Amino acid sequence: KDGAEISLDDLLENIKFNPYKNLVSFDNLKLKIGRGTVPVSIFVSKYKQLSPNDNKQVRIIIIRDRQAESEKQRIEEHNALTKLPNHLKLHKDLQATFIKLHLKEQKIALAVMEIDNFASLRAILGYDVVNNVLIKFSEYLRSLSDEFSVSIYHTVHNSFVFVLNDINNETDVYSMVNLVQ
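None of the values given here were measured: they were computed from a predicted structure.

Draft legend 1. How the structure looks around the pairing of strand β9 (residues 159–164). For β9, the buried fraction is high: six of the six residues fall into the buried class. Burial of β9 is two-sided: the residues S159, V161 and V163 facing one way and the residues F160, F162 and L164 facing the other way are all buried. With six bridges connecting them, strand β7 (residues 109–114) and β9 associate as antiparallel partners. Directly across from M113, in β9, lies its bridge partner F160. Note: strand β8 (residues 150–154) against β9, five bridges, orientation antiparallel. Counted as the bridge partner of S151 is V163 from β9.

Structure (structure tokens):
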């Protein structure tokens, strides 16, 4: 049953003693491993005969580690240096936002900020110093996103995108931009 904890041995025993069951699929199981559990999705196929001339039957069991999949997605959708969401996450979030905008009468604003002379800064100050500045700046931006209704993305090198949700007028946008400058 979904949400239940099960050991691999118990899973295999259950499958072995239910040979006539059709395929089984669980999207929210906790597989017991050692003293802990791992969130998994499990798919078990029906028994299939290996070949027409052979009586041996097999079942295919697929176990997907949902925790590893979500971690992989998080890594793919965030900037490695600043840990802010990146352009992939921005694209996905904008698609979802545009769908919501059609359903509700809301206003959003996009603001793009680029750090001027970024390449020159790196050449003069060095990668480590500029990277530390980017990390501190992203921490400041993250604090703004917690305080205001804004999502912040570090898209490429020196570009940041701000998505302001539920704005009332242009003053909301200017206020946010002034805080960042």
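Draft legend 2. The arrangement of the pattern of salt bridges in detail. Inspection of the entire model under this criterion finds three salt bridges. One salt bridge connects K136 with E139, and the closest N-O pair in it is separated by 3.9 Å. Separated by three residues within a single helix, K136 and E139 lie in helix α5 (residues 127–147), roughly one turn from each other. With relative accessibility at 57%, the residue K136 sits in the exposed group.

Draft legend 3. Quick peek at the packing of helix α4 (residues 118–125) against α5. Relative orientation of the contacting elements α4 and α5 amounts to 125°, with a least axis distance of 6 Å. Classified by the angle their axes make, α4 and α5 are oblique. Here α4 contributes F118, L121, R122 and L125 to the contact with α5, which in turn contributes Y127, V129, V130, N131 and L134. Considering only residue class, the contact of α4 with α5 consists of seven nonpolar, one polar and one charged.

Draft legend 4. Structural view of unusual backbone geometry. If you check the backbone angles, K83 has positive phi at about 65° while not being a glycine. Here K83 shows up in the loop between α2 (66–76) and α3 (87–103). Unlike most non-glycine residues, N117 shows phi in positive territory, near 55°. Relative to the elements of secondary structure, N117 occurs in the loop between β7 and α4.

Draft legend 5. How the structure looks around the nonpolar core. Membership of the largest hydrophobic core comes to 19 residues, with the highest contact counts inside it found for L141, F160, F162, L164, M176 and V180. Taken together, the elements giving at least two residues each to this core come down to β7, α5, β8, β9 and α6 (170–180). At five residues, the largest contribution of residues to this core is made by α5. The residues touching F162, leaving out its near neighbours within four places in the chain, are A109, L110, A111, M113, L141, V150, S151, I152, M176 and V180.

Draft legend 6. Quick peek at a nonpolar patch on the surface. Taken together, the side chains of L121, I124, L125, V129 and V133 make up a nonpolar region of the molecular surface, amounting to roughly 460 Å² of accessible area. Elements with a contribution of two residues or more to the nonpolar patch: α4 and α5. If one sorts the elements of the nonpolar patch by residue count, α4 sits on top with three residues. You can see I124 is positioned in helix α4.

Analysis parameters
- Residues numbered from 1 in each chain as written.
- Predicted model: local features only at pLDDT ≥ 70, side-chain atom pairs only at ≥ 80, totals over all residues.
- Heavy atoms only, no water.
- Buried < 20%, exposed > 50% of the residue type's maximum accessible area, 1.4 Å probe, protein only.
- Helix = DSSP H or I, 4+ residues; strand = E, 2+ residues; numbered from the N terminus.
- Pairing = 2+ DSSP bridges.
- Salt bridge = Lys/Arg side-chain N within 4 Å of Asp/Glu carboxyl O.
- Axes fitted to C-alpha atoms, helices over the stretch in contact; angles between N-to-C directions.
- Parallel < 35°, antiparallel > 145°, perpendicular 65-115°, else oblique.
- Contact = heavy atoms within 4.5 Å.
- Nonpolar A, V, L, I, M, F, W, Y, C, P; charged D, E, K, R; others polar.
- Core = buried A, V, L, I, M, F, W, Y, C linked by side-chain atoms within 4.5 Å.
- Patch = residues over 30% accessible without salt bridge, like charges linked within 9 Å, V, L, I, M, F, W, Y side chains within 5 Å.
- Areas by Shrake-Rupley, 256 points an atom, 1.4 Å probe, with all protein chains shown as cover.

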